[in-house]
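For reference, the chains in residue letters:
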Amino acid sequence: MGRPSWDDYFMEIADTVAKRSTCLRRRVGAIIVRDKRILATGYNGALTGLIHCEKVGCIREKKNIPSGQMQEVCRGLHAEQNALLFAAANGVNIKNATIYCTHQPCILCAKMIIQAGITRAVFKGEYPDEMAQELFKEAKAELCQLK
């Protein structure tokens, strides 16, 4: 077995980060990398210090909200948001970095990723958000799916 490519290597790490997720619907992990160095990580779940959904249940399930809709109705943050906020809270410069996500970023995360100056987003799993794809294209930020 040969060495993995850098993209495969970092995606495997994002997969490991996703295992920390406390979301009952989908486990997502994200890492931000520049110059082959990890700058920040994040996974989806309840805010720091709040009770996790695995203990109180999923608001989205209780209200029967489909994936990709009404994202504001949730106790948690997306993995990408957590990685971006970790970098911001710790003074980590992420301009011109790459973000590796286990799933395609949604439109909200796409906006934040682009605004933060990240120039490349690599994802593995599908997510139903064509608007996010269009936004990356318009911003001339690379969005690529690993197979």
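Residues numbered from 1 in each chain as written. Predicted model: local features only at pLDDT ≥ 70, side-chain atom pairs only at ≥ 80, totals over all residues. Heavy atoms only, no water.

Draft legend 1. Looking closely at the side chain of T98. Residue placement: T98 occurs in strand β5 (residues 98–103). With relative accessibility at 13%, the residue T98 sits in the buried group. Filtering out sequence-adjacent residues up to four positions away, T98 remains in contact with I31, I32, V33, I118, R120 and V122. (Helix = DSSP H or I, 4+ residues; strand = E, 2+ residues; numbered from the N terminus. Buried < 20%, exposed > 50% of the residue type's maximum accessible area, 1.4 Å probe, protein only. Contact = heavy atoms within 4.5 Å.)

Draft legend 2. Quick look at the pairing of strand β1 (residues 29–34). Most of β1 sits inside the fold, with five of its six residues counted as buried. Sheet topology note: the β1/strand β2 (residues 37–43) ladder contains six bridges and is antiparallel. Its bridge partner lying in β2, R34 is registered against R37. Between the end of β1 and the start of β2, which pair antiparallel, lie two residues, with D35 showing a positive phi angle near 55 degrees. The sheet contact formed by β1 and β5 spans four bridges and is antiparallel. Residue pairing across strands places I32 opposite I99, the latter belonging to β5. (Pairing = 2+ DSSP bridges.)

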